[in-house]
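Below are the chains, spelled out letter by letter.
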Amino acid sequence: ASDKRARVIHQVNQGDFAARDKGLHEAHGEYVYFIDGDDQIRENAIEIMVRVMEDYKSNLVICDFKYTNSMENDLSGPDKVGEVEWIPIEKIVFDMLSNSFGSCVVWNKLYKHSILEGISFSRYHNVNDQDFNLQVYQRIEKAAFVHNPLHYYVQSANSITRSQKNQARRNYNIIQNRFKMLDHVQPGKWYNTYRAWILDYGYRQILSRMKVTTGTEYEIPYKQLSRSIFRTTGKEYRSSKLILPLKKIRFYLWWYFPHLGAAYLRIATCIRKKDND
């Protein structure tokens, strides 16, 4: 009410992707920053990131962040940028597809508005941050990383409860939507690499998330979904020279012969332990 530059938009709740899309459509500034309602940023966070973007001529600035359980954080801080590092975009994509949280999310990043033209948030529940960033990352060659925790990611008890209550459905949705990211890999020098990373990460997640659905109403649908994914992507997964053969063997052992997969893991753990000794 006191600052005419601020606009509040009311709409029917359709999920975070719809709110972000609406904000992105209505934004007319040179920069875009996303922040969730239960998070906080340092008082001078945007100023610091804009300064880095202008000084380094970067289209994307990523800042470090802190986990916190409280909304009572000291948001003041020294008016300085701190250490800044150039990171090749292929490393950021690899980190994102290896489940590096800071590379996945959209809320610790300042985007140059011009590089977001034509990009929108997908309805891929639980992976729409990654899907959005994958499209952005393919438009730039590197990003400036600020080694300064400017964003506070608040872990409230309510959000944890919500995530635990529907874990089986959530894990089903993640696997269902993970492989849809393949549709947004653009032709170019990283085309085969990015597709291989998505497949490798996705197949590993099929196994790691299977336990959560076991014994629930999603157990059978999850296995049916997994088999459907094998039919559509299995040939590319098996033939990819960018995925280690050992990873493929390990996956199929676990999927078709869980006991052999467990034995393989025990042997591999013993070998690693012996090598370390």
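Just above, that's the structure.
It should be emphasised that the depicted structure is a prediction, and the values quoted were computed from it without experimental measurement.

Colleague: So what exactly am I meant to see when it comes to the packing of helix H8 (residues 191-208) against helix H10 (residues 219-239) here?
Modeller: Helix-helix packing is described using two parameters, namely the angle between the two axes and the distance between the axes. Put simply, H8 and H10 touch, their axes get as near as 11 Å, and they point 150° apart. If you check the angle between H8 and H10, you find them roughly antiparallel. The two elements H8 and H10 cross, and the hand of that crossing is left-handed. Residues Arg-195, Leu-199, Asp-200, Tyr-203, Gln-205 and Ile-206 of H8 form the contact with H10, whose participating residues are Tyr-222, Ser-226, Ile-229, Phe-230, Thr-233, Gly-234, Glu-236 and Tyr-237.

Colleague: Whenever I open this one, the pattern of salt bridges confuses me. Can you help?
Modeller: The final tally for this structure, using the stated rule, is twelve salt bridges. Here Asp-36 and Arg-20 are joined by a salt bridge, their closest N and O atoms 3.2 Å apart. Taken together, the positions of Asp-36 in the loop between strand E1 (31-33) and strand E2 (40-41) and Arg-20 in helix H1 (residues 16-26) put the pair 16 residues apart, joining distant regions of the chain. For Asp-36, a relative accessible area of 25% corresponds to the partly exposed category. With relative accessibility at 9%, the residue Arg-20 sits in the buried group. Note that Glu-47 and Arg-51 form a salt bridge whose closest N and O atoms lie 3.2 Å from each other.

Colleague: Would you mind showing me how to read H1 here?
Modeller: An α-helical segment advances 3.6 residues per turn. Residues three or four places apart therefore align on the same side. Regarding H1, the residues found buried are Phe-17, Ala-18, Arg-20 and Leu-24. With its buried residues spanning 165° around the axis, H1 presents them on a single face. Check the buried side of H1 and you find it contacts E1 and helix H5 (128-137).

Colleague: I keep staring at a nonpolar patch on the surface and nothing clicks. Help me out?
Modeller: A contiguous nonpolar patch, built from Leu-244, Leu-246 and Ile-249 and spanning about 310 Å² of accessible area, is present on the exposed surface. Here Leu-244 is to be found in the loop between H10 and helix H11 (245-256).

Colleague: Before we go on, may I ask you to explain the packing of aromatic side chains in this structure?
Modeller: By convention here, two paired aromatic rings are described through the distance between centres and the angle between planes. Here the structure, examined in full by the defined rule, presents 28 aromatic pairs. Between Phe-101 and Tyr-153, the ring centres sit 5.2 Å apart and the planes meet at 55°, which makes this aromatic pair tilted. Within this pair, whereas Phe-101 is found in helix H4 (residues 101-104), its partner Tyr-153 is found in strand E6 (residues 142-154), the two being separated by 52 residues in sequence. Ring centres of Tyr-172 and Tyr-218 lie 5.5 Å apart, and the angle between their planes is 45°; this geometry places the pair in the tilted category.

The rules behind each value
- Residues numbered from 1 in each chain as written.
- Predicted model: local features only at pLDDT ≥ 70, side-chain atom pairs only at ≥ 80, totals over all residues.
- Heavy atoms only, no water.
- Axes fitted to C-alpha atoms, helices over the stretch in contact; angles between N-to-C directions.
- Helix = DSSP H or I, 4+ residues; strand = E, 2+ residues; numbered from the N terminus.
- Parallel < 35°, antiparallel > 145°, perpendicular 65-115°, else oblique.
- Left-handed = near helix turned anticlockwise from the far one by under 90°.
- Contact = heavy atoms within 4.5 Å.
- Salt bridge = Lys/Arg side-chain N within 4 Å of Asp/Glu carboxyl O.
- Buried < 20%, exposed > 50% of the residue type's maximum accessible area, 1.4 Å probe, protein only.
- Arc of directions from axis to C-beta.
- Patch = residues over 30% accessible without salt bridge, like charges linked within 9 Å, V, L, I, M, F, W, Y side chains within 5 Å.
- Areas by Shrake-Rupley, 256 points an atom, 1.4 Å probe, with all protein chains shown as cover.
- Phe/Tyr/Trp six-rings, centres within 6.5 Å; stacked < 30°, edge-to-face > 60°.

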